Structures are given as structure tokens and as C-alpha cells.
Amino acid sequence: MSQMEIIIQPTAEQATAIAAGIISKLVREKPKPVLGLATGSTPQKLYRMLVDMQLDWREVVTFNLDEYVGLAPTDENSYRKFMWDHLFDHVNIAGKNVHIPSGEAKNIPWSCSRYEQKIRAAGGVDLQVLGIGTEGHIGFNEATSSLASRTRIKTLTKETRKANARFFGSYDKVPHHVITMGIGTIMEARQCLLLAFGNKKAGAVAAMVEGPITSWVPASVLQMHPRVVVCVDEAAASRLKKADYYRWTYENKPDWQRF
Ligand code: F6R
């Protein structure tokens, strides 16, 4: 079965609950599950729900999508700190199973290819959690990123730096550079689970699902992925032309296809 499945829910809470159900099933059923994880505002509720579910994380291996260059792991705004604060500190994951690109690597190309090797050595990502930028980025693969890209350094666009200034207190403090898994890396995950909430994401969601596949909207490449679930609230779905069709499809899923 190859498809992008769009699940529209009245609220972000309800859409997140479906995503949490998909992840918890994997964690319960698959030995040594490998999760790809995202940061930002979107997955915060998801991590809270996963913590509340009290799953056993001892065998879980994780790889985060991205990190800011130049931020120490202890920095308030580092994605490493974000992940420990929002998830890892509240579950029984083994520290050695957590992987986050290093923002302080001396040799960035070497540490990026080492990151790719570690993903391969873990058997690849079973499920990659994704958010989406207002211009359609996934990870920090900004518009015009190569659709075949691997983990590497990227320069953030002005729009992304502005969007993330809320975490730093000011635009000037947002780093210019990040390390991000590439689009090719993300596409190798066996399943992708993308969440998007609110009006601000409506244009990017419509371009991803119903627009042409183009590096101008990196998330649109997910149309070529064999297994993607997109969980959105009504606001983020508001510019989808075929929203009624996606709703009908989800409500009438054959039992054997249900999560
Ligand atoms: C974060 C990441 C980004 C975000 C995106 C949306 O690890 O990879 O692609 O998912 O920028 O950010 P929020 O959720 O803050 O709107």
C-alpha cells in the first residue's frame, strides 16, 4: 500500500491523540523500535501524551531531525535540551539510545556522515515524526533543498529565523546555521507521521498534499513516500481542496486498515 493519508480532526488535541496512538502501537509491538523525532511547538502535546501513556522506552532508539549550529547541549534553545525537557527526562529511555545531531561538532561534514551511519546501523528509522514550516520545510530542509539531500549543514531562511525567534526572545539571537537530516534521509524512514496545526500552516499543508512535487516545497516530496500519515486540525486543513474526500476516506476506512 503506498499512500499519503490525510486525517483531519476538529482540534490539535484530537489530531495529536491519533498520532500518539500510532507511535505507542509501534513502541509496544516492535522490538527495538527506531523513532525519528522533531522539535518545535507542534509535537509538544504529542510528547506530553506519550509520557502520560507510561510506555516502556528501554528498547527505543531515537534520532532527532535537527540541531542549531553553535549551541551547547545545555543551551536553553538547543534541541537536545528541548528533547530532554519535553520527553526523555520523563520516560525510561537509555541515554545511549538517544541521537541528536551535534551543534558543536568541530568537523561538521564528518559528524553528519557519522549520523547517517548510526541511523543505518540502528536498522533505519521505523517512524519519523515531522512538523512542517510555513514555507513547506521538513527538518530544516528549506525551499530549494535537494530532494536527495543527506544530513548536512543548512543556512536558515529569514522566514524560519523569524518564525523561531519566539523561542530565543529576539530574531538576532536565532542561529543562521543548523544541522539537519536531509530529504533523502527522511524519505528512507519506513513511515512518516507529519503533524500540522493552525491557520499559519494551511498554505504549506495544501502545497504539500495537493501541489506539484517540487524542491520549492520540500514536504511535497512526501507524495512519493510509501507510507505517510498527516494529522491536521481543521485550521491547518482549511486550504485543502479535497478535504471532504479525505474526511470521508478516514471515516470509512476498512477495519483491517485501522490503526
Ligand atoms: C523541528 C523541525 C522543523 C519544525 C517546523 C515547524 O525539529 O524539524 O521542521 O517541525 O519548523 O515548527 P513548529 O512546530 O514550531 O511550528
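What you see is a predicted model, and the numbers here were worked out from it, not measured in a lab.

The rules behind the values
- Residues numbered from 1 in each chain as written.
- Predicted model: local features only at pLDDT ≥ 70, side-chain atom pairs only at ≥ 80, totals over all residues.
- Heavy atoms only, no water.
- Core = buried A, V, L, I, M, F, W, Y, C linked by side-chain atoms within 4.5 Å.
- Buried < 20%, exposed > 50% of the residue type's maximum accessible area, 1.4 Å probe, protein only.
- Helix = DSSP H or I, 4+ residues; strand = E, 2+ residues; numbered from the N terminus.
- Contact = heavy atoms within 4.5 Å.
- Pairing = 2+ DSSP bridges.
- Axes fitted to C-alpha atoms, helices over the stretch in contact; angles between N-to-C directions.
- 1 Å grid on protein atoms, 1.4 Å probe; cavity = no way out; pocket = protein on both sides within 12 Å on 5 of 7 lines; lining within 4 Å.
- Points joined across faces, edges and corners; volume = space filled by probe spheres on them.
- pLDDT = per-residue confidence, 0-100.
- Near = heavy atom within 4 Å.
- Polar contact = N/O pair within 3.5 Å; in protein donor to acceptor, adjacent residues only side chain to side chain.
- Areas by Shrake-Rupley, 256 points an atom, 1.4 Å probe, with all protein chains shown as cover.
- Salt bridge = Lys/Arg side-chain N within 4 Å of Asp/Glu carboxyl O.

Novice: Explanation requested: the nonpolar core in the structure shown.
Specialist: For soluble globular proteins, the rule of thumb is that nonpolar side chains tend to be buried together. One finds L87, M208 and L240 to be the most contacted residues of the largest nonpolar core, which totals 80 residues. Counting residues per element, this core draws most heavily on helix α1 (residues 12–29), which supplies 9 residues. Filtering out sequence-adjacent residues up to four positions away, L240 remains in contact with I6, I8, V205, A206, V209, E210 and Y246.

Novice: Would you explain the sheet that holds strand β1 (residues 3–9) in this entry?
Specialist: To summarise the sheet geometry, strands pair through backbone hydrogen bonds and adopt either a parallel or an antiparallel arrangement. Pairing in this open sheet of 7 strands is parallel, and the strands run β1-β10-β9-β6-β2-β3-β5 from one edge to the other. Every interior strand has two partners, whereas the edge strands, β1 and β5 (98–99), have only one. By the bridge criterion, 3 bridges tie strand β6 (residues 127–130) to strand β9 (residues 192–196) in an arrangement that is parallel. Among the inter-strand pairings, Q128 is bridged to a residue of β9, identified as C192. The sheet strands contacting α1 are β1, β2 (34–37), β6, β9 and β10 (227–233), and the helix crosses β10 at an angle near 150 degrees.

Novice: How do you make sense of the layout of surface pockets when you look at a structure like this?
Specialist: Over the atoms, a rolled probe matching the size of one water molecule traces out where space is still vacant. Of the voids in this model, the largest pocket is the one considered here, and its volume is about 670 Å³. Contributing to the lining of the largest pocket are 31 residues, with T42, I132, N164, R166 and K201 lying nearest its centre. In this model, the second largest pocket occupies a volume close to 370 Å³. Around the second largest pocket sit 18 residues that line it, and I22, K25, Q191, R227 and F259 are the ones nearest its centre. When residues of the lining of the second largest pocket are traced back to their parent elements, those giving at least two are β1, α1 and β10.

Novice: Hey, could you run me through the sheet that holds strand β7 (residues 152–155) in this one?
Specialist: Strand order across the open sheet formed by 3 strands is β4-β8-β7, with antiparallel pairing between neighbours. Edge positions in the open sheet fall to β4 (66–68) and β7, since each of these has one partner strand only. Put simply, the sheet's adjacent strands are angled 30 degrees from each other on average, direction ignored.

Novice: Please clarify how the confidence of the model for the protein chain should be interpreted in this entry.
Specialist: A low pLDDT score tells you not to read the predicted coordinates there in detail. Of the residues in the protein chain, 99% reach a pLDDT of 70 or more, and the chain-wide mean stands at 96. Mean pLDDT values for the elements of the protein chain range from 94 in helix α5 (residues 158–168) up to 99 in β6.

Novice: It is not clear to me how the site of the ligand should be interpreted in this structure. Could you clarify?
Specialist: Among the 14 residues in the neighbourhood of the ligand, the closest are listed as T42, D66, H137, G139 and K201. Contacts to the ligand include G139, whose backbone N or O atom sits 2.7 Å from an oxygen atom. Residue R166 places a side-chain N or O atom 2.8 Å away from an oxygen atom belonging to the ligand. Starting from 410 Å² of accessible surface for the ligand in isolation, the protein chains cover 93%.

Novice: Looking at this structure, I do not really get the pattern of salt bridges. What am I missing?
Specialist: In a structure, side chains of opposite charge can pair up when their charged atoms sit close to one another. Here the structure, examined in full by the defined rule, presents 13 salt bridges. When the shortest N-O distance is used, the salt bridge between K81 and D85 registers 2.9 Å. Here D85 and K81 lie together in helix α3 (residues 79–86), a separation of 4 residues that amounts to about one turn. By relative accessible area, which is 22% here, K81 ends up partly exposed. Across the pair R150 and E116 runs a salt bridge, and its minimum N-O distance is 2.8 Å. Taken together, the residues span a long stretch of sequence, with R150 in the loop between β6 and β7 and E116 in helix α4 (residues 108–121) at a distance of 34 residues. On the basis of relative accessible area, R150 is assigned to the partly exposed category, the value being 31%. Overall, the relative accessible area of 7% leaves E116 in the buried class. A single network of salt bridges, built from pairs that share partners, joins K30, D126 and R190.

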